[in-house]
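So the chains spell out like this:
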Amino acid sequence: MTAIANDHVVKFHYTLTNGEGQTLDKSEGQPLAYLHGAGNIIPGLENALTGKVAGDKLTVNVPAAEGYGEYYAEMVQEVPRQMFQGVDNIQAGMQFQAQTDDGMQIVTVKAIEGDNIIIDANHPLAGQDLTFDVEIVEVRPATEEELDHGHVHGEGGHHH
């Protein structure tokens with residue numbers, strides 16, 4: 001059996017729950033595929049899968065720092081409504097891609113106060129401890145092309 005190690009493609013099913021036990025995300029039908037060691041998935045989960053083999057089932061608890069990071073209050077900002085030109089009906093919970101000094105970032109609208117919009121650039125799961133219930137489906141060495149590109153090709157992987 002091939003064990004999970006760097007430069008291997010791993011396919012796994014997962015259910016992601018938060019500290020309150022609510023299901024946040026799960027693999028639907030197709031397993032998720034990723035290239036181990038390439039930073040395709042959060043560090044806390046990737047580290048826990050090292051050395052596992054197809055057929056293994058495990059529960060991985062990932063603290064916020066090894067998941068989507070801590071929650072930073074300074075990433076919540078008030079911006080003028082005119083920054084959202086072309087969006088007629090802005091509502092709390094909407095997400096937008098914003099160009100920032102750090103590249104593209106997803107921002108979530110937290111609140112609307114008159115002509116000002118409160119946005120939050122934290123990842124929606126920042127500051128949360130996460131639990132993944134994982135079943136490993138397949139482990140195989142990555143192809144040269146996958147290694148060159150830094151991600152999986154084909155089913156369950158990224159598309160260009």
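Residues numbered from 1 in each chain as written. Predicted model: local features only at pLDDT ≥ 70, side-chain atom pairs only at ≥ 80, totals over all residues. Heavy atoms only, no water.

The next subject is the pattern of salt bridges. Within the structure shown, the criterion is met by four salt bridges. A salt bridge links Lys110 to Asp120; the nearest nitrogen and oxygen atoms lie 3.5 Å apart. With a gap of ten residues between them, Lys110 in strand S7 (residues 103-113) and Asp120 in strand S8 (residues 116-120) connect regions that are remote in the sequence. By relative accessible area, which is 45% here, Lys110 ends up partly exposed. The closest approach of N and O atoms between Arg140 and Glu146, which form a salt bridge, is 3.0 Å. Its relative accessible area of 2% is what places Glu146 among the buried residues. Residues participating in the shared-partner salt-bridge network are Lys11, Glu138, Arg140 and Glu146. (Salt bridge = Lys/Arg side-chain N within 4 Å of Asp/Glu carboxyl O. Helix = DSSP H or I, 4+ residues; strand = E, 2+ residues; numbered from the N terminus. Buried < 20%, exposed > 50% of the residue type's maximum accessible area, 1.4 Å probe, protein only.)

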